[in-house]
Amino acid sequence: MTTEQGTDAPEDGPAPIGLSPDEFRALGYRLVDRIAEFLETLPERPVMPEVTPAGVRALLGQGPMPEDGADPATIIDEAASLIIDHNRLTGHPRQWGYIIGSAAPLGALADLLAGAVNPNVVSWPSSPMATEIELQAVRWIADLLGYPADCGGLFTSGGNAANFIGFLAARRARADWDVRAAGIGDARRLRVYVSRETHTWIEKAADLFGLGTDAIRWIETDGALRMDLAALERRIDEDQANGDRPFLVVGTAGTVSTGAVDPLPEMAALCRERGLWFHVDGAYGALAIVAPDTPDALRGLREADSIAIDAHKWLYAPLEGGCALVRDRKTLRDTFSYRPPYYHYPGDLDEALVNFHDYGLQNSRGFRALKVWMILRQLGRKQYARLVARDIGHARELHQRLDEAPDIEAVTQALSITTFRYAPGDLAPATEAVESYLDDLNAALLTRIQRSGEAFLSNAVVGGRFLLRACITNFRTTRDDVRALPEIVTRLGREVDREMRPEALRRAGGEARR
Ligand SMILES: *Cc1c(COP(=O)(O)O)cnc(C)c1O
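Residues numbered from 1 in each chain as written. Predicted model: local features only at pLDDT ≥ 70, side-chain atom pairs only at ≥ 80, totals over all residues. Heavy atoms only, no water.

Peer 1: Please clarify how a nonpolar patch on the surface should be interpreted in this entry.
Peer 2: Together, L19, F24, L109 and L112 make up an exposed nonpolar region whose accessible area comes to about 380 Å². Tracing the chain through its elements places L112 in helix α4 (residues 105–117). (Patch = residues over 30% accessible without salt bridge, like charges linked within 9 Å, V, L, I, M, F, W, Y side chains within 5 Å. Areas by Shrake-Rupley, 256 points an atom, 1.4 Å probe, with all protein chains shown as cover. Salt bridge = Lys/Arg side-chain N within 4 Å of Asp/Glu carboxyl O. Helix = DSSP H or I, 4+ residues; strand = E, 2+ residues; numbered from the N terminus.)

Peer 1: Hey, could you run me through the packing of aromatic side chains in this one?
Peer 2: Geometry of an aromatic ring pair is reported as the spacing of the ring centres plus the angle between the planes. For the structure shown, the criterion picks out 9 aromatic pairs. Here the aromatic rings of F164 and F209 are separated by 5.3 Å at their centres, their planes lie at 85°, and the arrangement is edge-to-face. Of this pair, F164 sits in helix α6 (residues 159–174) while F209 sits in the loop between α8 (201–208) and β3 (216–219), and the two are 45 residues apart along the sequence. Each member of the pair, F164 as well as F209, is classed as buried. (Phe/Tyr/Trp six-rings, centres within 6.5 Å; stacked < 30°, edge-to-face > 60°. Buried < 20%, exposed > 50% of the residue type's maximum accessible area, 1.4 Å probe, protein only.)

Peer 1: Is there a simple way to explain the site of the ligand in this structure?
Peer 2: Taken together, 15 residues lie around the ligand, and G159, D281, D310, H312 and K313 are the ones closest in. Contacts to the ligand include H312, whose side-chain N or O atom sits 2.8 Å from an oxygen atom. At 2.8 Å, a side-chain N or O of K313 approaches an oxygen atom of the ligand. In isolation the ligand has 380 Å² of accessible area, and contact with the protein removes 84% of it. Broken down by secondary-structure element, the contributors of at least two residues to the shell around the ligand are α6 and α11 (311–314). Residue contributions to the shell around the ligand peak at 3 residues, all from α6. Counted by class, the shell around the ligand contains 5 nonpolar, 7 polar and 3 charged residues. (Near = heavy atom within 4 Å. Polar contact = N/O pair within 3.5 Å; in protein donor to acceptor, adjacent residues only side chain to side chain. Nonpolar A, V, L, I, M, F, W, Y, C, P; charged D, E, K, R; others polar.)

Peer 1: In this structure, what is going on with the environment of A169? I would like to understand it.
Peer 2: Within the secondary structure, A169 is located in helix α6. For A169, a relative accessible area of 0% gives the class buried. When the C-alpha atoms of A169 and Y384 are compared, they prove to be 30 Å apart, with 215 residues separating the residues in sequence. Residue contacts for A169: discarding those within four places in its chain leaves W277, V326, T331 and T335. (Contact = heavy atoms within 4.5 Å.)

Peer 1: Mind showing me how you'd approach the packing of helix α9 (residues 229–241) against helix α10 (residues 264–274) here?
Peer 2: Two packed helices can be described by the angle between their axes and the distance between those axes. Their axes nearest at 11 Å, the elements α9 and α10 cross at an angle of 20°. When the interaxial angle is binned, α9 and α10 end up roughly parallel. Note on packing geometry: the crossing formed by α9 with α10 is right-handed. Contacts between α9 and α10 pair L229, L232, E233, I236, D237 and Q240 from the former with E266, M267, L270 and R274 from the latter. (Axes fitted to C-alpha atoms, helices over the stretch in contact; angles between N-to-C directions. Parallel < 35°, antiparallel > 145°, perpendicular 65-115°, else oblique. Left-handed = near helix turned anticlockwise from the far one by under 90°.)

Rendered as C-alpha cells:
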C-alpha cells in the first residue's frame with residue numbers, strides 16, 4: 001500500500017473522540033444529574049426566557065471552528081446551560097403554544113440508548129431487533145387508532161414527512177400510468193382536495209412532488225371549520241367534467257388552529273364511491289380517538305387509505321418522531337422500493353421481512369421508534385387514554401373559566417384546543433373600528449404574554465379575527481396552571497389596553513360605561 005508523500009503513519013492508541021468506560025460513566029452521571037435538576041425545576045422556570053438575537057449570539061460566541069479540541073465535561077456543562085436557559089421550554093407545564101407534546105423523560109433515556117447502540121434501521125439484516133421493535137410500535141399505534149394491524153407503516157421525522165408518505169402512496173396508487181418512471185406530465189392534471197384549514201404540508205407536498213400548488217383544491221369549511229362536504233363533491237364533479245384527474249382527498253383529524261375534525265366517515269364514503277385515495281392528517285388529533293367523549297367523526301379515520309400521526313405531539317415523545325400508516329403495505333413498498341446492487345441480503349432470510357428503506361423517503365435511519373415503544377410500554381393503553389382525556393378536560397375547563405372572566409371572550413373549544421380573546425367590557429365589540437382594535441390589542445397581548453414567561457400561548461385567526469389559543473398536549477399541566485391563565489390574560493390585557501387604546505375608542509368606552 002502506498003501513502004501520500006509527507007503523510008505521517010497513522011498513530012495507534014485511543015482516538016481523541018473515544019471515551020473510556022470510566023470516563024463515559026463519569027460524564028454520563030454528570031449529565032443525568034444535570035437533567036434531573038432541570039426536570040425538577042421546570043415549573044419554576046420561565047416558559048420563555050428573555051432573549052434577543054444579539055444576546056444569544058454573544059453568549060454562544062461567534063468564533064471560527066476551533067483549531068484544538070476541548071474537555072468533554074466542560075462541553076457538556078456549557079451545552080446544558082446554553083440550551084436549558086435560552087430556549088422555549090416545550091415541557092413546561094404552562095407551555096400551550098402551537099402543538100408540541102411535553103416530552104416523557106423516558107423518551108430522553110431512550111434516545112441516549114438508541115444513540116449509544118446506534119442501530120441503522122435501514123433494513124432487517126442491518127437491525128433485526130430494532131426493525132421488529134419499530135414494526136411493533138407501528139402496530140400498537142394502529143391498534144390505538146383501531147386501524148388494521150397488518151397495515152404498512154414507519155416512523156418519520158414528524159407530521160410533515162408522515163403526510164408526505166401518504167401523499168406519495170396516493171400518487172403512486174391512483175395515477176393510472178407509471179408515475180415513478182414517467183413523472184407528472186403537463187396533461188396529467190392530478191387534483192387534490194383539502195379544506196382551507198389544512199396544514200401547510202400539503203403545499204410543500206404538491207410543490208415538491210411535481211403536481212404544483214395549483215393542483216390543490218381548497219374546499220370551504222362550515223361554521224365549525226370542518227370541510228364542507230357538498231362543496232367537496234361539487235368541486236370533484238367540476239374537475240372531472242373538465243378532464244382533470246381527482247386522485248386524493250385529505251381529511252384533517254384535528255386542525256392546527258382550532259382542533260376541528262373533518263367529517264371523516266362521509267369523506268371516506270365519498271372517496272370509496274369515486275375511487276379516490278383518502279388520507280387523514282391526524283398529526284395533532286388522531287390519537288384523541290383513545291379518549292371517551294371525542295367527536296364521533298374521528299372513527300372515520302379507520303377507513304382511510306393512509307394516516308399521518310405525530311409522536312412528538314400527543315404521544316409525548318421527544319422530537320423528532322412522526323408515524324405514517326398505509327392500509328395496504330404492498331402499496332407502500334410499491335411507492336418507495338428500489339434495490340441497489342450493493343444490498344445483498346442473505347438468501348435464507350424470510351421474504352416477508354421488512355426493510356424500511358423500501359417503505360419511505362430515507363435510506364439510513366435512526367431508531368426513532370425506540371422512544372415511542374418505551375413510552376407506550378411505560379403507560380399501557382389505559383394510562384395513555386387517561387392522559388389524553390386529562391388534556392382535553394383541562395382545555396374544556398380553561399374554556400369555561402375564560403368564558404366566566406368578565407373581560408375575556410372564549411370562542412372555540414375542540415379536542416385540547418381553546419381559543420379566546422381579551423375584550424374589555426367597556427368596548428362594545430360591534431363596529432369595525434372596535435373589532436380591528438381588538439385584533440391589534442390581542443396581537444400585542446400575545447407578545448406580552450409570551451415575553452412574560454408566565455405562560456406560553458400562540459394564536460389562531462378565526463372568521464378573520466385574531467384570537468389567542470391554548471393547545472394542551474402536556475402531561476405536566478395541572479388544574480392550578482389552567483386556573484391561573486384568566487388572571488394572567490386579564491392583568492396583562494389591561495396593561496396593553498391602557499397603552500394602546502386610541503383616543504376615539506377611549507371616548508366611546510367612557511360613554512358605554514356611563
Ligand atoms: C404539526 C402538524 C403537522 C406537521 O407536523 P410536524 O411534526 O411539525 O412536521 C401537520 N399537520 C397537522 C394537523 C399538525 O398538527
